[in-house]
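Residue-level structural notes
One letter stands for each residue in the lines below.
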Amino acid sequence: MYEYGSLIAGQWVRGAGAAFETRNPARPAERVGRYEAASAEQVHEAVLAAAAAQRRWKVIPSVERGAIVEKFLAALEARSDELARSITLEQGKPLAESRGEVAKSLAESRFMLGEAARGHSEVLPSARAGIRNMVIHRPLGVVAAITPWNFPILTPMRKIAPALVFGNAIVLKPSEFAPATACLIADTARGILPDGILQIVNGGAAVGAALVGSPGVHGVTFTGSVATGKRIYALAADSLAAVSLELGGKNAAVVNDVTDLGACLDQIVAAAFMCAGQRCTAISRVIVHRRLLADVEEGLAARARKFVLGDGMDPATTMGPLTNEAQHARVTKMVEAGVSEGARAITGGRPTTVAGLDGGYFYEPTVLTGVTPGMSVARDEIFGPVISVLAYDDLDQAFSILNGVEYGLTSALFSNDNGVIQRFVDESENGMIHVNHGTIPDIHMPFGGVKASGVGAYSVGASAAAFYTTEHSVYVKHR
Ligand code: NAD
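The paragraphs below set out a description of the structure included in this document.

Conventions and cut-offs
Residues numbered from 1 in each chain as written. Predicted model: local features only at pLDDT ≥ 70, side-chain atom pairs only at ≥ 80, totals over all residues. Heavy atoms only, no water. Pairing = 2+ DSSP bridges. Helix = DSSP H or I, 4+ residues; strand = E, 2+ residues; numbered from the N terminus. Axes fitted to C-alpha atoms, helices over the stretch in contact; angles between N-to-C directions. Contact = heavy atoms within 4.5 Å. Near = heavy atom within 4 Å. Polar contact = N/O pair within 3.5 Å; in protein donor to acceptor, adjacent residues only side chain to side chain. Areas by Shrake-Rupley, 256 points an atom, 1.4 Å probe, with all protein chains shown as cover. Nonpolar A, V, L, I, M, F, W, Y, C, P; charged D, E, K, R; others polar. Expected span 1.5 Å × (residues − 1). Phe/Tyr/Trp six-rings, centres within 6.5 Å; stacked < 30°, edge-to-face > 60°. Buried < 20%, exposed > 50% of the residue type's maximum accessible area, 1.4 Å probe, protein only. Lys NZ or Arg CZ within 6 Å of the ring centre and 35° of its normal. Parallel < 35°, antiparallel > 145°, perpendicular 65-115°, else oblique. Left-handed = near helix turned anticlockwise from the far one by under 90°.

1. Comments concerning the sheet that holds strand 4 (residues 19–23)
Taking strand neighbours across the sheet as the criterion, the 3 strands line up as 1-5-4 in an open arrangement whose pairing is mixed. Bordering the open sheet on either side are strand 1 (2–4) and strand 4, each of which pairs with just one other strand. Recorded for the sheet is a direction-independent mean angle of 15° between the axes of neighbouring strands. Here strand 4 runs beside strand 5 (residues 31–36); their pairing, made up of 5 bridges, is antiparallel. Each bridged residue has a counterpart across the sheet, and for Phe20 the counterpart in strand 5 is Tyr35. In the packing of helix 6 (residues 180–189) onto the sheet, the strands contacted are strand 1 and strand 5, and the crossing angle to strand 1 comes to about 65°.

2. Examining the site of the ligand
Around the ligand, the structure places 28 residues, and the nearest of them are Thr147, Glu176, Ser225, Leu247 and Glu381. At 3.4 Å, a backbone N or O of Gly224 approaches an oxygen atom of the ligand. Contact distances for the ligand include 3.4 Å between an oxygen atom and a side-chain N or O atom of Glu246. In isolation the ligand exposes 850 Å². Once the protein is present, 88% of that is buried. For the shell around the ligand, the class distribution of residues is 13 nonpolar, 10 polar and 5 charged.

3. As for helix 4 (residues 95–118)
When the terminal C-alpha atoms of helix 4 are compared, their 36 Å separation across 24 residues agrees well with the 34 Å that a helix rising 1.5 Å per residue should span. Note on helix 4: the residue one or two positions beyond its end, Gly119, has a positive phi of about 75°.

4. With respect to the packing of aromatic side chains
Tallied over the entire structure, the rule returns 6 aromatic pairs. Where Trp149 meets Phe383, the ring centres are 5.6 Å apart and the plane angle is 70°; that geometry is what we call edge-to-face. Taken together, the residues Trp149 in the loop between strand 8 (142–146) and helix 5 (154–165) and Phe383 in the loop between helix 12 (376–379) and strand 19 (386–392) connect sequence positions 234 residues apart. With a centroid separation of 4.8 Å and an interplanar angle of 90°, the aromatic rings of Phe467 and Tyr468 are classed as edge-to-face. Summarising the burial analysis for this pair, Phe467 and Tyr468 share the class buried. Sitting above the plane of the Phe399 ring, Arg423 keeps its charged end 4.4 Å from the centroid.

5. Observations concerning the environment of Leu265
Structurally, the position occupied by Leu265 is in helix 9 (residues 261–273). Residue class for Leu265 comes out buried when judged on its relative accessible area of 2%. Distance in space between the C-alpha atoms of Leu265 and Tyr458 is 29 Å, their sequence separation being 193 residues. Once residues within four sequence positions are removed from consideration, Leu265 is found in contact with Asp295, Val296, Gly299, Leu300 and Arg303.

6. Structural notes on the packing of helix 2 (residues 62–78) against helix 6
At their nearest, the axes of helix 2 and helix 6 sit 9 Å apart, and the two run at 130° to each other. By the angle between their axes, helix 2 is oblique relative to helix 6. Read as a crossing pair, helix 2 and helix 6 show a hand that is right-handed. Side by side, helix 2 and helix 6 meet where Phe72, Ala75 and Leu76 of the first sit next to Ile185, Thr188 and Ala189 of the second. Grouping the amino acids of the contact of helix 2 with helix 6 by side-chain chemistry returns 5 nonpolar, 1 polar and no charged.

What follows is the structure, given as structure tokens:
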């Protein structure tokens, strides 16, 4: 069982707030972790410790800082199995997916090491003789990070690695539903990173709000729901902290014309059902030309039925449970609402049980047909293993359905027609655009969304500099 308070100034301290537990979502009777929430005073203490540590960290040359971070990443890699197990135990995804998440987070973090050396500076000509102009970047300062439960290592490391390499200190509040992995990450950093550079404050919304509202915070990076993102945006306005918000999605795959329908459907199903659909980049809508509708529905349903639901620790499992009771109830209610509005489940459509796993939060992989653009299952993020299929007759209609939602995170097109591809690249109102494959992003490409899916700089790779550094215009006259 994991037991943690908060990591403040290099020491694990008992939380002065309320204790809370996590449970294995495949067998909720099993307790996985016991945590103590930080008090507002402890959050403040962590921010002060971060400021003190950052003053020393920022003056270390960035290449040298990179070498220290590399040691930290190597230490994390040595604990890969332990990290992957912690993900599956609290979040529920199959262990193979957890291992993949650990590996991907390390690869993304290692890519960031190079960004530290690059420095993102420019030398420009001046309008005046004898003057040299430069644009330089400096560390932002103290970064507050707040993360959700669906990717317990990928999301925290996507914030920790750039914060560190660009010379910042970071205080992370992981999701109260899956904090074990973040605690292991921070524990691994002890003795490698200077005390106070990477701290954890545990707890729920109140602890997150105390962190965002702390006057010593220079930037807030948040990944989570739109509703919470709006609250955090408003809170951060008070101190004018820089903000990067990565929010939800209602991602679509448009199937226009394909030579290999099987390969296309394999890509869609992987992107839709990985992590039991609890990915912000999961494909949630399939918008298909009516001429392909029957084949697409049949192919999606056949693939959905093949998933083996179970405990993520069982190697036979290909889909784990939903992560918590509230999420299970939410998905159940949303699909019921869709059916009451006229959608029909051609497979799945209800919660299910797995023998030997009492009370596990399992939900059948679901394909909904007869969905029209105005229905709630066509517009709202479900965050579960559910695909809504919508038919179109012409491309204008397809684009209108594609872009007719509040979100703008990611999208995929399946087509061999250059004109259609070009139009999709130009008109898909999404931060990430994929053609002829699913919505799984690379480790070095900017990651983020437009519309309700995000505010501020994208994360991952070179884009991260825009949030984790401040920009300065320098004019030098040499004598
Ligand atoms: P959530 O918004 O409920 O919680 C996210 C985090 O915010 C948690 O750590 C929570 O404790 C904290 N929090 C809640 N209220 C707060 C407040 N008032 N002030 C400060 N912190 C607060 O989201 P969730 O249920 O954990 O995650 C699911 C959501 O996250 C989905 O909408 C999903 O699309 C989104 N998400 C987006 C991305 C992305 O990169 N765009 C990635 C993963 C998940």
